[in-house]
Amino acid sequence: MSPAVSPPSQPHDHQKTLRLVLACACLYALAWTLFPPLLAPSFPLDVVESLGWGREWQWGYYKHPPLPPIALHVSFLALGRWGPFALSQLCVALTLWLVWLTACRLVGRERAFIGMVLTMGVAFYTRPALEFNHNIAQMPFWAGICYFYLAAWQDDKRWQWLMLGLMAGLGLLSKYSIGLLLLCLGLFTVLSPARSLLRRPGPWLALAVMGLVFAPHLLWLHNNDWLPFSYAKDRSSNHYGESARAGALGFLLTQLLNHLPLLLVLLFGFLRLRWSRLRPAVSASWQWHSAKPAYLCLIALAPGFLLATLGMALGLRLRDMWGVPMWPFSGVVAAALIPSAWLAPMRPYLLRGIIVWLTVISVLCGLYLWKISDFRRSPVRSDWPSAALAQQAEATWNTLSSCPLDTVASDAWTGGLVAIGAKSQPSVLIPGDPRHSPWATAKRLQQHGALRIWQLEEDADRDAPTGPYPVLDGLQGMRMHEGAWSIPWPRGQSRTQLVVQWRAYVPAACERR
């Protein structure tokens, strides 16, 4: 007796499934936007640091390009504490939409839908989104470059080439590592039949648009001694004598572990289908169900493996989170490998698996934000008394000066917390190289003064930049005041209170009498 075959899906079934998925997606994005600010009294480190940069509206910062900090600042102005989390979910949503558009051209609409949903099985699209940073900001541009390259390759329309250049330029303004994807696409263009594109004006138009978008930042890099590249060189240097091969393998292993939820969902779908009486027979061997399998493999796998190869060849210390934006098409690869006869009966099991996974990770992340302070001796970033620290800083300054608090001199974390919470929205002056805070000029500080804050040495942030404040040391005619604050932790933890030292540089014209 031949095995039973499930009846073909009806159009209204597809519509019902689509509405259910959209409802779940909206509920998920809303929860990950609304609840984190209610469960945690402070922001993660990257959010605080970028908010301190974004308010200055520069064409670059000493660590990174300018687009993510500026976007973060705008989101904070628009939505307050919910802004950074809403921005992360917007990046994830745009990425999924662009993945779906790309997959429709590569594997068809039904597989594209499954592949888009399976993308959320990659852990990088869940927990890391609580901390908006340059890696999260890259996601939609990464997927957008892949889509518009494919669309322009197939249709050769001018607006598609323009959008490809725009996506590439904005991607480089988000983080330079998107250059790995551009390098892969460039090699693909030269080494594959796609090289015929080079005889058309489209690729050169895209290149010109990319250069035009990136040009202001390139000029900033030239005028600022290529500061972000010095930071990147130091960040990737192997100071610990770690084997380059071990580092690259560790990077790839971490990427694989972040795919574990996706693999478990696929295993669940396969086992449920295997045990089902409606399991169809597979009439053909396993094969790619894609119009352009080489291109799909390129955009899904090549950048991550290229980075690992460069790490081994150059002896770089690879950071695991550099892989965050590199895997938007992992779910599409999985969808392209599912036998056609299995596609319809397997789909509900895959959707259930993803819903279960997203529910579990949402609950776990919520519990982490809510209860992590009960299990740690030292506080996590999200547990800091940011509001109390900002209120104390502004109150102290206002008792000494009639001018509003304009500049906080501190590391990016402690000073950033004050800058976010203070009503006057002060700038942050980072210690060490004055080029790290070009907005804190001697003229500005001489006119408005500054409040310097720091922690006791045993409590200080070991990762924060240290050094003198050359601009502060050169100020003339300042009224100096010093003291210390003792601030309780926001959840009544049993640990000792946060002790912060402070020194106020008050201009004579602003001193209260």
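Residues numbered from 1 in each chain as written. Predicted model: local features only at pLDDT ≥ 70, side-chain atom pairs only at ≥ 80, totals over all residues. Heavy atoms only, no water.

**Q** Give a description of the overall build of the protein chain that names residues and reports values.
**A** Each helix and strand in the protein chain was counted, giving 19 helices and 5 strands. Scaling as 2.2 N^0.38, a compact globule of 513 residues should have a C-alpha radius of gyration of about 24 Å, and the protein chain matches this with 26 Å. Viewed in the frame of its principal axes, the protein chain has a C-alpha envelope of about 95 × 55 × 45 Å. A burial count over the protein chain gives 52% of its 513 residues as buried. Looking at the protein chain alone, contacts between residues at least 24 apart form 79% of all its contacts between residues at least 6 apart. (Helix = DSSP H or I, 4+ residues; strand = E, 2+ residues; numbered from the N terminus. Rg over C-alpha atoms; globule rule 2.2 N^0.38 Å. Buried < 20%, exposed > 50% of the residue type's maximum accessible area, 1.4 Å probe, protein only. Contact = heavy atoms within 4.5 Å.)

**Q** Explain the environment of Thr309 to me, and be specific about the residues and the numbers.
**A** Within the secondary structure layout, Thr309 lies in helix H13 (residues 293-314). It is 8.8 Å that separates the C-alpha atoms of Thr309 and Arg245, two residues lying 64 residues apart in sequence.

**Q** Break down the pattern of salt bridges for me, citing the residues and quoting the values.
**A** Applying the stated criterion across every chain yields a total of 8 salt bridges. The residue Asp155 makes a salt bridge to Arg105 at a minimum N-O spacing of 2.8 Å. Placement of Asp155 in helix H6 (residues 134-155) and of Arg105 in helix H4 (residues 83-107) is noted, with a sequence separation of 50 residues between them. Since its relative accessible area comes to 32%, Asp155 is described here as partly exposed. Judged by its relative accessible area of 24%, Arg105 falls in the partly exposed class. Note that Arg200 and Asp156 form a salt bridge whose closest N and O atoms lie 3.8 Å from each other. Highlighted residues: Arg200 in the loop between helix H8 (179-191) and helix H9 (202-223) and Asp156 in the loop between H6 and helix H7 (158-174), separated in sequence by 44 residues. For Arg200, a relative accessible area of 29% puts it in the partly exposed group. By relative accessible area, Asp156 is classed as partly exposed at 33%. Here the residues in one salt-bridge network are Asp225, Asp433 and Arg435, joined through shared partners. (Salt bridge = Lys/Arg side-chain N within 4 Å of Asp/Glu carboxyl O.)

**Q** I'd like to hear about the pairing of strand S3 (residues 450-455), residue by residue, with values.
**A** If a strand is regular, its side chains alternate between the two faces of the sheet. As paired elements, strand S1 (residues 407-409) and S3 share 2 bridges and run parallel to each other. Note that in S3 the partner of Ala409 across the bridge is Arg452. As judged from the 6 bridges shared by S3 and strand S5 (residues 498-507), these two strands associate in the antiparallel manner. The residue of S5 that forms the bridge with Gln455 is Val500. (Pairing = 2+ DSSP bridges.)

**Q** Before we move on, can you summarise the environment of Phe43 with the specific residues and values?
**A** With respect to the element layout, Phe43 can be found in the loop between helix H1 (11-39) and helix H2 (45-54). Classification of Phe43 as buried rests on a relative accessible area of 3%. For the pair Phe43 and Trp153, spaced 110 residues apart in sequence, the C-alpha separation works out to 42 Å. Each residue touching Phe43, except ones within four places of it in the same chain, is listed here: Val48, Leu51, Phe76, Arg81, Pro84, Phe85, Arg381, Ser382, Trp413 and Ile420.

**Q** Quick one: what's the story with the nonpolar core, residue by residue and with numbers?
**A** Ranked by size, the top nonpolar core spans 133 residues in total, and within it Leu118, Tyr149, Tyr295, Phe329, Leu451 and Trp485 carry the most contacts. Here this core gets 15 residues from one element, more than from any other, and that element is H6. Setting aside anything within four residues of it in sequence, one finds Leu118 in contact with Leu262, Val265, Leu266, Gly331, Ala334, Leu350 and Ile354. In terms of nonpolar packing, the next biggest core, distinct from the first, is built from 20 residues, Ala409, Leu429, Leu475 and Tyr505 among them. (Core = buried A, V, L, I, M, F, W, Y, C linked by side-chain atoms within 4.5 Å.)

**Q** Any details on the sheet that holds strand S2 (residues 427-429)? Residues and values, ideally.
**A** Reading across the sheet, the 5 strands line up as S2-S1-S3-S5-S4 and stay open at both edges, with mixed pairing between neighbours. Of all the strands in the sheet, just S2 and strand S4 (478-487) have a single pairing partner and so form its edges. For this sheet, the mean angle separating the axes of adjacent strands, direction not counted, is 25 degrees. Examined bridge by bridge, S1 and S2 share 3 bridges and lie parallel to one another. The partner of Ala409 across the bridge, within S2, is Leu429. Of the strands in this sheet, S1, S2 and S3 are in contact with helix H17 (residues 412-421), which crosses S3 at around 130 degrees. (Axes fitted to C-alpha atoms, helices over the stretch in contact; angles between N-to-C directions.)

**Q** So what about the side chain of Ser386? Which residues, and what values?
**A** Within the secondary structure, Ser386 sits in helix H16 (residues 386-400). Side-chain polar atoms of Ser386 contact the backbone oxygen of Pro41, separated by 2.8 Å. Excluding residues that lie within four positions of it along the chain, Ser386 makes contacts with Pro41, Ser42 and Leu417. (Polar contact = N/O pair within 3.5 Å; in protein donor to acceptor, adjacent residues only side chain to side chain.)

**Q** Account for the packing of H6 against H7, with residues named and values stated.
**A** Relative to each other, H6 and H7 sit at 160 degrees, their axes nearing to 8 Å. Classed by the angle they form, the pair H6 and H7 counts as roughly antiparallel. The interaxial crossing formed by H6 with H7 has left-handed handedness. Among the residues forming the contact of H6 with H7, the class breakdown is 16 nonpolar, 6 polar and 1 charged. (Parallel < 35°, antiparallel > 145°, perpendicular 65-115°, else oblique. Left-handed = near helix turned anticlockwise from the far one by under 90°. Nonpolar A, V, L, I, M, F, W, Y, C, P; charged D, E, K, R; others polar.)

**Q** Run through a nonpolar patch on the surface, naming residues and quoting values.
**A** A contiguous nonpolar patch, built from Leu183, Leu187, Val190, Leu191, Leu198, Trp204 and Leu207 and spanning about 690 Å² of accessible area, is present on the exposed surface. Secondary structure elements with two or more residues in the nonpolar patch: H8 and H9. Per-element accounting of the nonpolar patch gives the leading share, 4 residues, to H8. As for its position among the elements, Leu191 is in helix H8. The exposure class of Leu191 is exposed, given its relative accessible area of 66%. (Patch = residues over 30% accessible without salt bridge, like charges linked within 9 Å, V, L, I, M, F, W, Y side chains within 5 Å. Areas by Shrake-Rupley, 256 points an atom, 1.4 Å probe, with all protein chains shown as cover.)

**Q** Can you break down H17 residue by residue, with the values?
**A** Of all 10 residues making up H17, 9 are buried, and the element is well covered by its neighbours. Among the structural elements, H2, helix H3 (67-79), H16, S1, S2 and S3 are those in contact with the buried residues of H17. Taking the backbone nitrogen of Trp413 as reference, a side-chain oxygen 3.0 Å away marks Asp411 as the first, capping residue of H17.

Shape descriptors only; they carry no functional weight alone.
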